[in-house]
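This is what each chain is made of:
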Amino acid sequence: MNTEIGFFIVVFVLLVILLSSFVSVKQGTIVVITVFGKYRRILTPGLNFKIPFIENIYSKISIQNRSVELEFQAVTFDQANVYFKAMLLYSVLDQQEETIKNVAFKFVDDRNLMQALIRTVEGSIRAFVATKRQSEVLILRRDIVEHVKEQLDVILEGWGYHLQDLQLNDITFDEVIMKSMSQVVASNNLKAAAENEGQALLITKTKAAEAEGNAIKISAEAERQASQLRGQGVALFREEVAKGMSVAAKEMQDANMDTSVILFTMWTESIKHFAENSQGNVIFLDGSTDAMQQTMKEMMALNHMHADKVKK
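Think of each chain on its own: its residues are numbered from 1, step by step along the sequence as written. With pLDDT at 70 or above as the cut-off, local features in this predicted model cover only qualifying residues; side-chain atom pairs require 80 or more to be listed or tallied, and sums for whole chains, interfaces and linings still use all residues. Each side-chain value is worked out from all heavy atoms of the structure, with water and hydrogens disregarded.

K.L.:
An account of the pairing of strand β1 (residues 22–25) is requested, with residue identities and associated values reported.
P.N.:
Per-residue accessibility, obtained with a 1.4 Å probe over protein chains only, is compared with the maximum for each type, and a residue is labelled buried under 20%, exposed over 50%, and partly exposed between these values. Counting from the N terminus, the helices are the DSSP runs of H or I reaching at least four residues and the strands are the DSSP runs of E reaching at least two. Side chains Val23 and Val25 of β1 all project onto a buried face; the interleaved residues Phe22 and Ser24 project onto a face where none is buried. By the bridge criterion, four bridges tie β1 to strand β4 (residues 46–49) in an arrangement that is antiparallel. Paired with Val23 across the bridge in β4 is Asn48. Criterion used throughout: strands pair if DSSP finds at least two bridges between them.

As structure tokens, then:
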């Protein structure tokens, strides 16, 4: 009986030893093994063997991305309070043995790591914001992130970590400053709207003036051309009349007739034209013989002058 009990005990102990000799490591996790408190090696994901009762699991390190949310305050160069809400994304640098050793032994636990990480990020942002004015902070979001990443990369590498991303989700100021900023934006918008309205009115007035000027120029040019054409028409009419009178006078001279008949005919035709086309009811003409003779002499003189010009 005692032999059977001893046999079961031995089998049980062997099973315990056998089971404790195998370690299953999850994907995305690295296991650190120590021997009597001293680092020995690391175990990668999968089924691994370890020496029972000699090799011990010191820690399990996740190599997956981890995130943490931050809320803190900073003061600008012109003494304005700035409130940040940020999200920090970080991970183990790589799966190299030295990196895993830094992650496992640099800090006592994850709480101390997180505290150091958060304070380092906050300190870097506060140092950057302290050199900027309140009006510059909102437009320097990208610069702040780049500054923090540049400062933290070297520090985190020494701890075995890498800063994947830093997102500044919200940047706010004290309520008084926010109201004043809103008023400044509103006044600037009103100013821009007034300037745009003024520019539009100026353009409208300018275009109207240009159109009016162009219309006056076109009208004046048309009037000038019309006057020129009218003058040319009158000149051509007179020239044709003179030519006709010259031809008629020459024919009458060749027929031994008195050329004054032409002038008399023109006189009577003029009276007829006045009577037919005048708008009034009365036509005043000097119908005396002396007046007719004087008019006929003047017309004959004009006829002789035209004939002399034609001969020359």
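K.L.:
Outline unusual backbone geometry, listing residues and values.
P.N.:
Positive phi values are uncommon outside glycine, yet Phe36 reaches one of about 55 degrees. With respect to the secondary-structure elements, Phe36 resides in the loop between β2 (29–35) and β3 (38–43). On the basis of relative accessible area, Phe36 is assigned to the exposed category, the value being 69%. We note that Gln79 has phi near 65 degrees; this positive angle belongs to a residue other than glycine. Residue placement: Gln79 occurs in the loop between β6 (66–75) and β7 (81–92).

K.L.:
Help me get a handle on the pattern of salt bridges, residues and values and all.
P.N.:
Here, a salt bridge means any Lys or Arg side-chain nitrogen found within 4 Å of an Asp or Glu carboxyl oxygen. The final tally for this structure, using the stated rule, is five salt bridges. Across the salt bridge formed by Arg126 and Glu122, the nearest N and O atoms sit 3.5 Å from each other. Note that Arg126 and Glu122 are positioned in helix α3 (residues 110–129) at a spacing of four residues, about one turn of the helix. Arg126 sits in the partly exposed class, given a relative accessible area of 34%. Each of Arg40, Arg41 and Glu55 takes part in a single network of salt bridges with overlapping partners.

K.L.:
With reference to specific residues and values, describe the sheet that holds β2.
P.N.:
The three strands lie next to each other as β3-β2-β5, forming an open sheet whose pairing is antiparallel. Because the sheet does not close on itself, it has two edges, and the strands there are β3 and β5 (55–62). Neighbour to neighbour, the strand axes of the sheet diverge by 30 degrees on average, direction disregarded. Pairing geometry for β2 and β5, over seven bridges, is antiparallel. The residue of β5 that forms the bridge with Thr29 is Ser62. Lines fitted to C-alpha atoms define the axes here, with helix axes fitted over just the stretch in contact, and angles between the N-to-C directions of these axes take values from 0 to 180 degrees.

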